[in-house]
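# Structural overview
So you can see what is in the structure, the chains are spelled out below.
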Amino acid sequence: MDWGVMLSYLPLYRDALLLTLRIGWQGVALALALGVVCALTLHLRLPVLRQIVTAYIELFRNTPLLVQLFFLYFALPKVGVRLSPDACGTLGLGLLGGAYMAETFRSGLDNIPTIQSESAQSLGMTRLQAFRYVILPQAVSSSVPGLVANVVFLLKETSVFSTISLMDLMFTAKDLIGMYAKTLECLTLLVVFYLIMLLPVSFLGSAIERRLRYAEFGDRRTV
Amino acid sequence: MADILLELRHVHKRYGENVVLRDLDLTVRRGEVVVVIGPSGCGKSTLLRCVNALEDIQGGEVLLDGQPVRQEAKNISQMRQKIGMVFQSYDLFPHKTILENVLLAPLKVQKRQRPEAEAEALALLERVGLADRRDDYPRQLSGGQKQRVAIVRALMTHPEILLLDEITAALDPEMVHEVLEVVLDLAKNGSTMLIVTHEMAFARAIAHRVVFLENGEIVEESRDPKAFFTRPATERAQRFLRTFEY
Amino acid sequence: MQSLGIDVLFKGRNLLRLLGGLWVAVRISLISVALSIVLGLLIGVLMTGKSPVLRGVFRLYLETVRILPQMVLLFIVYFGTTRLFGWNLSAEVSAVFVFTFWGAAEMGDLVRGAILSIPSIQRESAQALGMTPRQVYGYVILPQTVRRLIPLSINLITRMIKTTSLVMMIGMVEVLKVAQQIIEANRRTSPNAAFGLFAVVFLLYFAICWPISRLAGYLEKRWA
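These lines cover the structure that appears in this document, whether it is placed above or below. (Residues numbered from 1 in each chain as written. Chains lettered and ligands numbered in written order. Predicted model: local features only at pLDDT ≥ 70, side-chain atom pairs only at ≥ 80, totals over all residues. Heavy atoms only, no water.)

### Considerations on helix H1 (residues 44-51) of chain B
All names here are of chain B. Basically, it comes down to this: To sort residues, take the accessible area from a 1.4 Å probe on protein chains only and compare it with the maximum for the residue type: under 20% means buried, over 50% means exposed, and anything in between is partly exposed. For helices the rule is a DSSP run of H or I covering at least 4 residues; for strands it is a run of E covering at least 2, with both sets numbered from the N terminus onward.
For H1, the tally of buried residues reaches 7 of 8 residues, placing the bulk of the element in the interior. Within H1, burial applies to Lys 44, Thr 46, Leu 47, Leu 48, Arg 49, Cys 50 and Val 51. Ala 53 occupies a position one or two residues after H1 and carries a positive phi of about 60°.

Okay, here's the thing in structure tokens:
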């Protein structure tokens with residue numbers, strides 16, 4: 001192992017990490033927004049929109065991100081839609097993630113027993129009040145572990161960004177291996193930098209999950 | 001009659017082909033405690049859910065103080081505030097503390113001032129012996145305690161009538177008593193109640209009037225619970241009561 | 001409007017080549033899934049075992065595989081083993097190796113979860129009927145485990161198929177690569193072929209994965 005070489009590669013990897021993180025978080029933010037809108041559409045059974053949302057979710061859950069990115073980056077310009085690699089990465093990750101977030105959030109909403117809404121309404125709340133004060137807060141907290149798992153998944157998926165010429169970690173590693181053939185050093189740095197990016201989120205996820213499990217909502221346990 | 005509080009007229013309820021309530025008439029006077037008994041699946045719980053318009057009905061009407069209670073009516077929120085309901089499975093809001101559970105409707109629905117509502121909530125919690133649990137979450141309470149909180153929660157909107165839907169059915173036997181005590185106390189203070197229960201001794205002790213429901217129809221109605229429970233008039237009620245003997 | 005590449009698709013053997021590329025991806029997935037299921041069953045049973053060391057080792061294995069992108073694992077195996085051990089693994093062997101390494105961990109965890117989700121009262125009441133441990137497993141535990149497992153492992157197949165799209169990055173000629181080659185070859189005559197071809201690849205993946213997901217969803221609901 002050539003430590004000197006590794007040290008000299010560090011700034012390149014750091015830049016790549018920052019780029020991955022920037023686009024990754026943009027994509028995650030877009031995914032969350034999309035996911036919330038789509039989940040509400042499904043939960044409230046809005047006509048027409050619901051069918052569109054379902055089609056979108058099925059389409060993006062059943063195709064690889066790599067193929068989605070190729071379509072955004074190489075195919076769309078042919079019909080006049082030209083996006084920068086940055087925008088493609090964000091949009092691709094956001095569209096893919098939106099489909100996953102929507103499913104997670106929707107099952108959080110649907111898993112709140114109807115009687116919760118009924119007992120709120122029996123107190124005189126309107127449907128909207130029951131949703132806002134009773135259903136939504138419970139759905140949000142029960143979907144958090146799933147949402148965090150989706151974030152980890154999305155950050156991992158960024159590893160295909162290099163195909164649309166974004167200089168992310170994979171791109172950097174491949175490039176350096178090609179140029180200087182310091183394979184081991186490059187791969188070690190690759191792993192280390194992915195861990196730097198993913199471990200904190202993953203730990204955060206399991207911490208939240210443990211906390212939620214400890215503070216188990218509902219009274220399934222006592223009866 | 002002036003003192004009629006709740007009136008069901010020709011209420012008809014069905015799920016698809018399955019008729020649950022058949023042209024049902026029932027009145028509850030102010031201050032009266034009416035207990036509905038009957039075999040499982042006879043429509044008792046559906047009856048209560050219809051009173052609160054949690055179920056839509058296919059015929060007839062439900063009147064409270066002479067005003068219709070209808071699911072799609074504009075005043076449904078106001079009407080439901082006048083009808084308190086307690087469910088078998090308590091259904092407290094798991095993400096809120098006991099005090100917040102009890103205060104949610106007064107603050108958000110009735111827009112009352114917090115200090116005043118909170119004082120009332122604490123007084124009521126005190127009355128059911130749970131004032132010291134105000135900051136706990138529902139999961140930290142036993143079933144009986146949760147059910148007492150659910151009763152307080154229903155009382156907070158100052159309902160004119162309370163609907164109790166098998167409120168002890170999910171409880172361990174030793175907790176049944178503490179919940180029924182609270183209900184007896186309410187009855188003593190003149191609350192109007194429509195109760196569905198399987199606790200025959202309790203029904204006998206609390207009822208001003210007993211209604212025996214079977215297959216969505218009122219088979220027998222008695223203003224004398226003692227007589228009803230010892231010698232029911234109809235053969236169907238006799239058969240039902242016999243199932244409680246060993 | 002210029003041609004968007006659909007004509008290119010039907011030129012010569014292009015469609016066949018594209019489907020051939022898809023088959024490469026599907027073949028790698030199927031081999032990997034088959035291996036993963038066999039290994040996963042073994043790992044899953046071992047993970048429910050009593051030895052804390054064994055459980056710890058598998059836990060570590062699972063977490064490692066989960067935290068790293070499959071792309072990184074592919075790079076490590078494809079580029080790393082050559083350098084480290086002097087092996088010259090073909091891209092396909094590397095891919096099958098990585099996907100099996102990953103799939104077996106996921107499958108093992110599913111098996112473990114399925115076994116643990118059978119309430120202990122099931123085992124106890126079977127024992128109370130006088131069944132031997134073998135009978136308890138054979139008649140009570142395994143049939144229930146398998147029911148829970150089948151929808152989940154079908155889901156693993158779609159995840160696997162989607163993940164195999166990565167193999168083009170270690171130089172395998174699969175469906176995306178074939179599409180690129182076709183676009184390249186027709187650059188002069190149909191400069192806009194990229195639209196049609198990549199749209200078709202998109203739909204091809206969907207056409208394969210969607211029915212499988214539906215099947216898994218259906219079984220999950222039915223056997224829940």
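Don't stop here, the text continues.
### Some remarks on the packing of helix H1 (residues 3-43) of chain A against helix H6 (residues 127-157) of chain A
Residue and element names in this part refer to chain A. The following threshold applies: Axis lines are fitted through C-alpha atoms, for helices just across the contact stretch, and the angle between N-to-C directions can take any value from 0 to 180 degrees. Should an angle lie under 35 degrees it is considered roughly parallel, over 145 roughly antiparallel, and from 65 to 115 roughly perpendicular; all remaining angles are considered oblique. The hand of a helix crossing depends on one turn: near helix anticlockwise from the far one by less than a right angle means left-handed, and clockwise means right-handed. Should any heavy atoms of two residues lie within 4.5 Å, those residues are considered in contact. All residues other than Ala, Val, Leu, Ile, Met, Phe, Trp, Tyr, Cys, Pro, Asp, Glu, Lys and Arg, Gly among them, are scored as polar; the first ten of these are nonpolar and the last four charged.
Axis separation between H1 and H6 bottoms out at 11 Å; the angle between their running directions is 140°. Here H1 is positioned oblique relative to H6, judged by the angle of their axes. Handedness of the H1/H6 crossing: right-handed. Here Gly 24, Trp 25, Val 28, Ala 31, Leu 40 and His 43 of H1 lie close against H6, whose contacting residues are Phe 131, Val 151, Leu 154 and Leu 155. Among the residues forming the contact of H1 with H6, the class breakdown is 8 nonpolar, 2 polar and no charged.

### Considerations on the nonpolar core
For the record, the criterion: To form a nonpolar core, buried Ala, Val, Leu, Ile, Met, Phe, Trp, Tyr and Cys residues must be joined to one another through side-chain atoms within 4.5 Å.
Of all hydrophobic cores here, the largest spans 115 residues; its most connected members are Tyr 13, Leu 190 and Tyr 194 of chain A together with Leu 18, Phe 99 and Phe 198 of chain C. The contacts of Leu 190 of chain A, once residues within four sequence positions are left out, are Tyr 13, Leu 169, Met 170 and Ala 173 of chain A together with Val 72 and Phe 75 of chain C.

### Description of the interface of chain C and chain A
Operational definition: The term buried area refers to how much accessible surface (probe radius 1.4 Å) is lost by two components on association, counted for both of them together. Salt bridge criterion: a side-chain nitrogen from Lys or Arg within 4 Å of a carboxyl oxygen from Asp or Glu. Identification of polar contacts relies on pairs of N or O atoms within 3.5 Å, with a donor-acceptor requirement for protein atoms, meaning one able to donate a hydrogen and the other able to accept it, and with residues adjacent in sequence counted only if both atoms are side-chain atoms.
If you look at the interface, chain C gives 34 residues, while chain A gives 38 residues. Between chain C and chain A, a total of about 3400 Å² is buried, with carbon and sulfur atoms accounting for 78% of that surface. Together, Ile 67, Met 169 and Phe 202 of chain C form the three largest contributors to the area buried by chain C at its contact with chain A, with a combined 21%. If you look at where chain C meets chain A, you find 0 salt bridges. On the surface where chain C and chain A come into contact, there are 7 residue pairs in polar contact (both at pLDDT 80 or more). If you list the elements that add at least two residues to the side of chain C that touches chain A, you get helix H3 (52-67), helix H4 (70-85), helix H8 (175-185) and helix H9 (193-222) of chain C. Counting residues per element, the side of chain C that touches chain A draws most heavily on H9 of chain C, which supplies 11 residues. By residue class, the composition of the side of chain C that touches chain A is 26 nonpolar, 5 polar and 3 charged.

### As for empty space enclosed by the protein
Residues and elements named next belong to chain B. The condition that has to hold: Only protein atoms enter the calculation, which uses a 1 Å grid: trapped sets of points that fit a 1.4 Å probe without letting it out are cavities, open sets showing protein on both sides within 12 Å along at least five of seven lines are pockets, and any residue with an atom within 4 Å of a point is a lining residue. Grid points are joined across faces, edges and corners, and a volume is the space filled by probe spheres set on the points.
Per the counting criterion, the structure on display carries 1 cavity of 30 Å³ or more. Approximately 30 Å³ is the volume found for the largest cavity. Forming the walls of the largest cavity are Glu 166, Ile 167, Thr 168, Leu 180, Ile 195, Val 196, Thr 197 and Phe 202. The class makeup of the residues in the lining of the largest cavity is 5 nonpolar, 2 polar and 1 charged.

Keep in mind these values describe shape, not function.
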